[in-house]
Structure formats: structure tokens, C-alpha cells
Amino acid sequence: DTWSGLIAGRSGAGRITRFDPSGLDTTFACEVKGFDGQAYIERKEARRYDLFLQYAIAASQMAMESAGLASGVPQPDRAGVLVGSGVGGMQTFEDQARIFIEKGPSRVSPFFVPMFISDIAAGIVAIRFGLTGPNYCTVSACASSANAVGQAYRLIQDGDADIMLAGGSEAAVTPLTVAGFAAMKALSTRNDDPATASRPFDRDRDGFVIAEGSGVVVLERLEHAEARGAAILGEIVGLGMSADAFHITQPAPDGAGARQAMRVCLANAGLAPADVQYINSHGTSTPHGDIAETRAVKSLFGDAARTLVMGSTKSMTGHMLGATGAVEFAICVLVIQRGIIPPTINQFTADPECDLDCAPNHAVERRVDVALSNSFGFGGHNVSLAVKRFQT
């Protein structure tokens with residue numbers, strides 16, 4: 001459903017249904033639609049799991065089934081879990097804070113702490129599948145799950161694991177979270193037309209659209225995957241990380257941090273800029289961020305920047321905060337597999353500062369052998385991941 005929606009250029013944005021958003025400056029979001037946690041979790045468990053945990057469990061189950069590992073892994077001590085989250089169980093935090101204030105400490109749930117701490121997703125997933133290898137959570141705001149994928153890659157490279165379940169989960173469409181992002185003027189306020197609110201690289205963009213979701217992938221040592229006859233979807237080949245060291249929320253105007261992350265990623269992968277056909281940009285639809293990322297790509301890639309597509313799937317999915325990086329990494333794998341690049345929708349008025357090809361408004365059929373996925377978080381955290389077509 002996600003892939004077909006992306007290729008069709010369909011926005012997931014709409015008025016918030018999980019609570020009454022009246023009174024907030026922004027009243028819309030990209031919510032997960034039609035999710036039934038009890039399809040993956042027993043009813044009793046689901047009642048005490050925050051939604052971000054339910055999403056993480058569901059995505060992990062899907063990933064394990066896709067990898068042919070639903071019945072178990074050969075050596076559980078050689079398989080681990082990294083699931084990142086920017087804010088963890090925010091709805092649980094809000095609910096329990098309200099109970100504490102209104103009813104007193106004796107009414108706080110004994111499940112409060114383990115339901116909301118960010119690392120619990122990695123722990124719960126490991127328990128569910130009996131994976132006793134490396135296990136932790138990466139927290140780097142909107143780069144959290146990209147960091148999780150990158151660190152899982154490194155753990156396998158270093159010989160610490162053969163299989164890593166890696167990704168992120170976020171369910172931050174809550175009153176306090178939306179109010180907080182709105183207060184700092186980070187969100188779009190196009191309440192009259194949510195479907196056109198996320199406009200990465202468009203001249204009239206006015207902020208991002210908050211979203212929720214989860215993305216999990218299975219990374220595996222090549223020889224291990226081949227030995228068990230796994231269907232190999234792509235090859236992760238590079239990781240680059242950097243810090244802007246500039247501002248708590250705004251990127252460096254010249255894109256220096258993003259440029260460094262991409263440069264390190266390409267060097268790590270043994271790739272040249274001309275080898276890349278697609279960049280799934282961070283592209284959040286903020287006035288400063290989109291320009292900085294465009295400048296970074298143009299500075300690093302030179303003439304090659306004019307031959308690639310740098311699109312933003314956040315124009316349709318919104319910004320899933322800590323879950324975004326893993327979802328977009330998975331999208332890059334599908335782009336390579338299927339030879340079609342999702343559009344950047346809501347391109348109405350060209351911004352001369354953002355003048356690279358973003359596949360405006362229509363998907364593009366193109367062979368892609370190498371793709372980069374960029375994720376940048378508040379605090380100046382930058383992560384770039386490289387994936388390529390797998391060839392035996």
C-alpha cells in the first residue's frame with residue numbers, strides 16, 4: 001500500500017483523528033491508517049503497549065517474514081536488534097503525566113516507564129524473536145533510525161553479528177508533540193488543504209507535516225544469507241555521519257554537515273558522485289533545510305548533481321521523525337529493485353534555490369544502481385546511507 005501510494009503521488013495527510021486538534025495552530029498530520037495492533041500482538045499485551053511499540057513489533061514481524069526468518073534464526077546469539085526512536089512513547093507519557101497531576105502518584109501505571117522509554121522497542125522485539133545478540137536504541141532525533149541501520153551495518157562488518165533487525169518507530173501525533181513543534185514554527189499551517197501542505201523544494205513551503213510510522217529491515221552478512229538461500233534485495237555499502245555543530249534546530253546554511261555525511265558515505269562505499277542515480281533527500285519542506293541540502297548536493301556532486309534525481313517522499317508520507325530514515329532506506333531498495341522513482345508532489349512554484357531534479361509531481365522510470373538516503377536531525381545530526389543493486 002505504501003509503495004503504490006508513493007508511485008501514484010498520493011498524500012497521506014489529513015485532519016488529525018486520534019484526538020481533537022481544535023485550538024492547535026496545525027490540525028493535520030500523516031497518521032497510520034487502518035492499523036490493527038491485535039493482528040500482531042495479543043489483546044492483553046496491546047493494551048499496555050504504546051502505539052510506537054505496536055508499530056515496531058508489526059514492522060519487525062513483516063521484515064522477518066519477508067526475510068524468511070519468521071520461524072526463527074539459526075543462531076540467536078549472532079542476531080541482534082537496533083530500533084531507534086526520536087521521542088519514544090509520547091502518548092503514554094502525556095496520559096500518565098495527566099493521571100499523576102489529576103489523580104496522584106498512586107494511580108500511575110506500573111507499566112508507565114517500560115511503555116514510554118525509547119529503548120523498549122528494541123528490547124521487546126528481541127524478546128519476541130528470541131534474538132540475544134547486540135541490542136540497543138539509537139536516539140538522534142530525525143536521524144535515529146538511519147543511525148540504527150548504519151550501526152547495524154557496522155556491527156555485521158565488525159563481526160559482532162550475522163543478522164541485524166534494524167529500523168525505527170514513532171507515534172508522536174499527540175497533542176503535546178504537535179503543540180511543541182507548532183510553537184517553534186516548524187510545522188506547516190495549511191489546515192485548509194493538508195494534502196498540499198508538504199512541499200519540499202517548492203518556493204512556498206512553510207514547514208513539515210508531522211507523521212507516524214515504522215520501518216524495519218533485515219541486514220545480513222552476505223555469506224550467511226547465501227548459505228540459507230535468502231532472497232537478497234540489495235546491498236548496503238556505505239555509511240556517513242557528521243555534526244553541523246551550528247544550531248540546535250537549523251542546519252548550517254551552506255549544508256556543510258550534510259555534505260560531509262554524504263562525502264564520508266561515498267568514500268566508505270568506494271563510490272564516486274557520478275555513480276549515484278537517486279538521492280532520497282531529507283527534504284522536509286522547511287524553508288532553511290531544503291536549501292541547505294540542495295547546496296550540499298550541488299557542492300559535493302558538481303556536474304553529477306544535474307544527472308540524478310533528488311526527491312522527497314516526505315511530500316507524501318510526511319515526516320515520521322525518528323522512523324523516517326529506515327522507511328526511506330527501504331524505499332531506496334525498492335527504487336533499485338523496481339526501476340521507478342517516486343515523485344516529489346506539490347510542486348507548484350519553482351524555487352530557484354532548489355533547482356535540482358526532484359521528479360516533480362510524477363514518478364520517473366529509470367534504472368537505479370546506487371541510491372543514497374539522507375537523514376538529518378535536530379541537534380545537527382547527519383546520516384547518509386548508500387545502497388546498491390546486488391550482483392552475484
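Here the structure is a predicted model, which is why all the values come from computation and not from measurement.

S.K.: Before we go on, may I ask you to explain empty space enclosed by the protein in this structure?
M.R.: One simple way to see leftover space: roll a probe sized like a water molecule over the atoms. All chains considered together, the criterion is met by one cavity of 30 Å³ or more. Size it by volume and the largest cavity reaches roughly 40 Å³. Forming the walls of the largest cavity are Val73, Pro74, Gln75, Arg78, Ala79, Asp162, Ile163 and His224. A per-class count over the lining of the largest cavity returns four nonpolar, two polar and two charged.

S.K.: Teacher, can you tell me more about the packing of helix α10 (residues 256–269) against helix α11 (residues 287–301) here?
M.R.: Each pair of packed helices can be summarised by the angle the axes make with each other and by the distance between the axes. Where α10 contacts α11, the two axes come as close as 8 Å, and the packing angle between them is 45°. Between α10 and α11, the crossing angle belongs to the class labelled oblique. Considering the relative orientation of α10 and α11, their crossing is right-handed. Contact with α10, carried on its side by Ala258, Arg259, Met262, Arg263 and Leu266, involves Ala296, Val297, Ser299, Leu300 and Phe301 of α11 and no other residues of that element. Along the lines of polarity and charge, the residues of the contact of α10 with α11 split into seven nonpolar, one polar and two charged.

S.K.: Looking at this model, I keep getting lost on the packing of aromatic side chains. Mind explaining?
M.R.: Note on aromatic pairs: each is described by the distance of the centres and the angle between the planes. Counting across every chain of the model gives seven aromatic pairs. Pairing Phe181 with Phe208 gives two aromatic rings, centres 5.4 Å apart and planes at 75°, and the pair type is edge-to-face. With Phe181 in helix α8 (residues 175–183) and Phe208 in the loop between α8 and β6 (213–220), the pair connects residues that are 27 residues apart, well separated along the chain. Given a relative accessible area of 13%, Phe181 falls into the buried group. According to the relative accessible area criterion, Phe208 is buried, its value standing at 5%. Aromatic ring contacts, followed pair by pair, group Phe35, Tyr40 and Tyr55 into a single cluster.

S.K.: What is the right way to read the sheet that holds strand β7 (residues 235–243) from this model?
M.R.: Backbone-to-backbone hydrogen bonds join strands into a sheet, with any given pair of strands oriented parallel or antiparallel. The strand order across the open sheet formed by five strands is β7-β13-β12-β8-β9, and the pairing between neighbours is mixed. Each end of this open sheet is capped by a strand with a single partner; those strands are β7 and β9 (309–311). The mean inter-strand angle of the sheet, taken between neighbouring strand axes irrespective of direction, is 15°. Note that strand β8 (residues 278–280) and strand β12 (residues 370–377) share three bridges and pair parallel.

S.K.: Looking at this structure, how should I read the layout of surface pockets?
M.R.: In this model, the second largest pocket occupies a volume close to 530 Å³. Residue lining of the second largest pocket: 34 residues in total, with Thr249, Gln250, Pro251, Thr286 and Phe378 positioned closest to the centre. Elements with a contribution of two residues or more to the lining of the second largest pocket: α10, α11, β12 and β13 (381–388). Looking at the lining of the second largest pocket element by element, the count peaks at six residues for α11.

S.K.: Sorry, what's going on with the sheet that holds strand β5 (residues 163–170) here?
M.R.: The four strands lie next to each other as β4-β3-β5-β6, forming an open sheet whose pairing is mixed. Of all the strands in the sheet, the pair left with one neighbour each is β4 (135–136) and β6. Pairing geometry for β5 and β6, over eight bridges, is antiparallel. By the bridge assignment for β6, Met164 is matched with Leu219. Taken strand by strand, helix α3 (residues 51–66) contacts β3 (79–84), β5 and β6, and its axis lies near 35° from that of β6. Set on the sheet, helix α13 (residues 324–338) makes contact with β5 and β6; between it and β6 the angle comes to about 60°.

S.K.: Would you explain the pattern of salt bridges in this entry?
M.R.: Pairs may arise between side chains of opposite charge once their charged atoms sit close together. Going through the model one piece at a time under the given rule, you end up with 17 salt bridges. Between Arg295 and Glu353 there is a salt bridge; the shortest N-O distance is 3.4 Å. Here Arg295 is found in helix α11, whereas its partner Glu353 is found in the loop between β10 (340–341) and β11 (364–365), with 58 residues between them in sequence. In this structure Arg295 comes out as partly exposed when scored by relative accessible area, which is 33%. We note a salt bridge from Arg367 to Asp369, for which the minimum N-O separation is 3.0 Å. In this structure Asp369 comes out as partly exposed when scored by relative accessible area, which is 25%.

S.K.: Please clarify how unusual backbone geometry should be interpreted in this entry.
M.R.: The phi angle of most residues is negative, glycine excepted, and most peptide bonds adopt the trans form. At Ala245, a residue that is not glycine, the phi angle is positive and equals roughly 50°. Mapping Ala245 onto the fold places it in the loop between β7 and α10. Notably, Asn361 is not glycine yet its phi reads approximately 70°, a positive angle. Structurally, Asn361 can be placed in the loop between β10 and β11.

S.K.: What's the story with α10 in this structure? I'm lost.
M.R.: If you check α10, its first and last C-alpha atoms are 20 Å apart, about what 14 residues at 1.5 Å a residue would give, namely 20 Å. Residues of α10 that are buried include every one of Gly257, Ala258, Ala261, Met262, Cys265, Leu266 and Ala269, and no others. On its buried face, α10 is in contact with β7, α11, β12 and β13. Remark: Gly270 follows α10 within two positions and exhibits a positive phi of approximately 70°.

The rules we used
- Residues numbered from 1 in each chain as written.
- Predicted model: local features only at pLDDT ≥ 70, side-chain atom pairs only at ≥ 80, totals over all residues.
- Heavy atoms only, no water.
- 1 Å grid on protein atoms, 1.4 Å probe; cavity = no way out; pocket = protein on both sides within 12 Å on 5 of 7 lines; lining within 4 Å.
- Points joined across faces, edges and corners; volume = space filled by probe spheres on them.
- Nonpolar A, V, L, I, M, F, W, Y, C, P; charged D, E, K, R; others polar.
- Axes fitted to C-alpha atoms, helices over the stretch in contact; angles between N-to-C directions.
- Helix = DSSP H or I, 4+ residues; strand = E, 2+ residues; numbered from the N terminus.
- Parallel < 35°, antiparallel > 145°, perpendicular 65-115°, else oblique.
- Left-handed = near helix turned anticlockwise from the far one by under 90°.
- Contact = heavy atoms within 4.5 Å.
- Phe/Tyr/Trp six-rings, centres within 6.5 Å; stacked < 30°, edge-to-face > 60°.
- Buried < 20%, exposed > 50% of the residue type's maximum accessible area, 1.4 Å probe, protein only.
- Pairing = 2+ DSSP bridges.
- Salt bridge = Lys/Arg side-chain N within 4 Å of Asp/Glu carboxyl O.
- Expected span 1.5 Å × (residues − 1).

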